Structures are given as structure tokens and as C-alpha cells.
Amino acid sequence: MDSIRNNMPGFRAAITASVLVAVMPTMAMAHTGELAHSHGGIMAGLMHPVTGLDHLVALMLFGALLVGTSRKAQGLGFIAAGASLLVGFVAGMSLGMSGAMEWLITASAVVFAAALAFPGSLRGRMAAVLAAVLAAHGWAHGAEMIGSVAGFGAGFMAASVLLMLAGMLLGKGLQPLVPALRAVVAGTAATLLMLAAG
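What comes next concerns the included structure.

What counts and how
Residues numbered from 1 in each chain as written. Predicted model: local features only at pLDDT ≥ 70, side-chain atom pairs only at ≥ 80, totals over all residues. Heavy atoms only, no water. Helix = DSSP H or I, 4+ residues; strand = E, 2+ residues; numbered from the N terminus. Buried < 20%, exposed > 50% of the residue type's maximum accessible area, 1.4 Å probe, protein only. Contact = heavy atoms within 4.5 Å. Patch = residues over 30% accessible without salt bridge, like charges linked within 9 Å, V, L, I, M, F, W, Y side chains within 5 Å. Areas by Shrake-Rupley, 256 points an atom, 1.4 Å probe, with all protein chains shown as cover. Salt bridge = Lys/Arg side-chain N within 4 Å of Asp/Glu carboxyl O. Phe/Tyr/Trp six-rings, centres within 6.5 Å; stacked < 30°, edge-to-face > 60°. Polar contact = N/O pair within 3.5 Å; in protein donor to acceptor, adjacent residues only side chain to side chain.

## Let's talk about the overall build of the protein
- Secondary structure assignment for the protein yields 10 helices and zero strands.
- Mapped in sequence order, the helices and strands of the protein form the string α-α-α-α-α-α-α-α-α-α.
- Taken over 198 residues, the protein has a buried fraction of 47%.
- A fraction of 82% describes how many contacts in the protein between residues 6 or more apart in sequence connect residues 24 or more apart.

Structure follows, in C-alpha cells:
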């Protein structure tokens, strides 16, 4: 009972962060309507990762798994994430959308949530490798983008970095929880949010 009571501040912080993400007004536009067909500029690029719950959840969970790792591992994780997103973006523009990418995007959130069960030292060593899965997110952005490549690309990269930084705040809230519970809370929140997105 004492361990549960001691973990309550972190649990409350994690729940609060999850609720704030869930009720963001832009969630109602998740890849639907006008925005889904106007991927042609910096604003569209900024909005795309934020209004797609699959992207938002996975990017935040990647940021969360970097918490508790070394500064070096965090830096390498961000560099690897950026490189993966860019490589995927170029591939998506060149090759178009693939059903496998949608599956990988969903799977990435599950993998990142499960990684929260591991100690920070191990997550630090895994981060750069796990970041490779983010290429699927870049691929989807590239395949759906029309108009200005530079504008949309800059927008989606900036939004992706901001979501990963926001995920680090979520990770700090989850950090006091026992490792297995961190993974369960994160995985459950990710599943519920993506089910809500349809």
C-alpha cells in the first residue's frame, strides 16, 4: 500500500498529461476533412503529426522512453529519430503510401510503450535502434504531402521534435512508477487514444 501511495504523484502527473493530450481541440480533426487533403505548406506540416493520434502517441512515447537515460543517449536518440523521419519522408514522397507503413506506425507506439518497462540504462542503448521505426511516420508524411516540400517537411519535423519533447514531460511523470506499471499505463493510454481516433 505504501508503494502505491509513494507512486501516486507520478501516476497523477502521467494521467494529467494523458488527459491534456486527449482533449486537445485539434484531435477532432485527426486526418479528416480539409486538413487531410491540404498537406502543402509549413502550417499543414506542423499540424499533421499533431492531428493524427497515431503519430502523436508514438512520438510522445518515444520522448517518454528517453527519460532516465543519459544525456548522450538522449542526444543520440533525437538525432536517430530525426534521421529516420527524414529518410522515411523522402521514401514516402518517392514510393507512395503502403499499408505496411500504417501497421508499423501503430506497432511503434506499442514497442515504445513496452520499452518503458526496461531500466533507463538499457533504454538508452536501445533508443537509437528503436528510432528506426519512426521512418514509418516520415514515410506516411512524405506519401501524403502535396505542395511545398520544404515547407511541409520543415513543419512536420518541427512538430515531431516538439511532440518528443512533450513526451519527455510525460516520461518524467511516469518515472516514479515501477517499470512494469509504466509500460502498462503508457500502453493502455496509447491503445485507448488510437481506438478513439478510429
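## Points about a nonpolar patch on the surface
- Residues Val90, Met93 and Val149 make up a contiguous nonpolar surface patch of about 230 Å² in total accessible area.
- Tracing the backbone shows Val149 in helix H9 (residues 149-174).

## Some details on the packing of aromatic side chains
- Across all of its chains, the model carries four aromatic pairs by this definition.
- On the basis of an interplanar angle of 20° and a centroid distance of 6.1 Å, the ring pair of Phe89 and Phe152 is categorised as stacked. You can see Phe89 sitting in helix H5 (residues 71-95) and its partner Phe152 sitting in helix H9, a full 63 residues away along the chain.
- Judged by relative accessible area, Phe89 falls into the buried class, the value being 5%.
- According to the relative accessible area criterion, Phe152 is buried, its value standing at 0%.
- Taken together, the ring pairs in this structure connect Phe89, Phe152 and Phe156 into an aromatic cluster.

## With respect to the side chain of Thr69
- Following the sequence through the fold, Thr69 ends up in the loop between helix H4 (53-66) and H5.
- Of the polar contacts made by the side chain of Thr69, one reaches the backbone oxygen of Leu66; its length is 2.5 Å.
- When near neighbours in sequence (up to four residues on either side) are disregarded, Thr69 contacts Gln74, Gly120, Arg123 and Gly124.

From the geometry alone we can't say anything about function, so treat these as descriptive.
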